[in-house]
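Observations on chain architecture
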Amino acid sequence: MTLLVWCTAALIAYTIKGFSGFGPALVVVPVLSVLYSPATALGTSALVDAVVGACFIAYLGLSMAQLKMLRRMLASLVIGTVIGSMLVAYIPRQILLILVGLSVLGLAIQLLRTGKPGFTVSGRQMPLQLSCFLAGLSGGLVGVSGPFMVAGTARFEKAEMRRLLVAVFLVEGIVRIATYAFMGTIEMQSLELGAIALPAIVLGMVLGIWLHTRVSEKRFITVIAWFLMAVAIQPLASALS
């Protein structure tokens, strides 16, 4: 039953990834944190998303302009990711669960309130470098970097935004894997879970790519928001139990 729940979560997570370019950690990390542990969740999320991201960016491709934009984003992202990944070993499990739950809940509320997966202050978008640093910090710490990264890239057209998100999360995943391995956070169980869920991941990506061209972003975001609202309850309830 535990593996069935994990494979179902992987299917949903990578359907979202195929559609939008972001989001699998918002499902994977809360579910695996409850089923196993936050360390297993973070390691599995980083490993799987790096492999999927490499395949996805090869499929989508990047223009020279997008590569230049990516270079502007990477320094802040890497610094934030290393700091967040190193802090994981020193924060208690309950606090990590609460951080994961609140991060997902915050994005869900933002999606329902505005219909957009980003944060603004006085109507102004978050600076790109700041969003990259916060995304890396949040991603390394709790495995959830989507809200901040999307906040910085929401200014781009949907298809270009998806390409940038996939490329950025690929780099972030590689940095997280290296840092987690150095800190001893990566476990063999993460490799096993990734292999078990591979068919669900592939099916989810294919479905998400198909949906990207056939479903309006507004409708899909609303569905995602309500689902994330339910997902956020799991780690919060586990931390308080």
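Here is a short report on the structure shown in this document. Keep in mind the model is a prediction, meaning the values are calculated, not measured.

1. Overview of the overall build of the protein chain
Helix and strand content of the protein chain: 11 helices and 2 strands. Sequence-ordered secondary structure for the protein chain, helices as α and strands as β, is α-α-α-α-α-β-β-α-α-α-α-α-α. On C-alpha atoms alone, the protein chain measures out to a radius of gyration of 16 Å, which is about the 18 Å that the 2.2 N^0.38 rule sets for 241 residues. Counting only C-alpha atoms, the protein chain reaches 40 × 35 × 35 Å along its principal axes. Per-residue burial for the protein chain yields a buried fraction of 51% across its 241 residues.

2. Points about helix H4 (residues 64-87)
Taking 1.5 Å of rise per residue, 24 residues should cover 34 Å, and H4 covers 35 Å from first to last C-alpha, within 8% of that figure. Along its length, H4 shows its largest kink, about 35°, at leucine 74. Buried within H4 are the following residues: Gln66, Met69, Leu70, Met73, Ser76, Leu77, Gly80, Thr81, Gly84 and Ser85.

Parameters and conventions
Residues numbered from 1 in each chain as written. Predicted model: local features only at pLDDT ≥ 70, side-chain atom pairs only at ≥ 80, totals over all residues. Heavy atoms only, no water. Helix = DSSP H or I, 4+ residues; strand = E, 2+ residues; numbered from the N terminus. Rg over C-alpha atoms; globule rule 2.2 N^0.38 Å. Buried < 20%, exposed > 50% of the residue type's maximum accessible area, 1.4 Å probe, protein only. Expected span 1.5 Å × (residues − 1). Bend = angle between axes of the 7 residues up to and from the residue.

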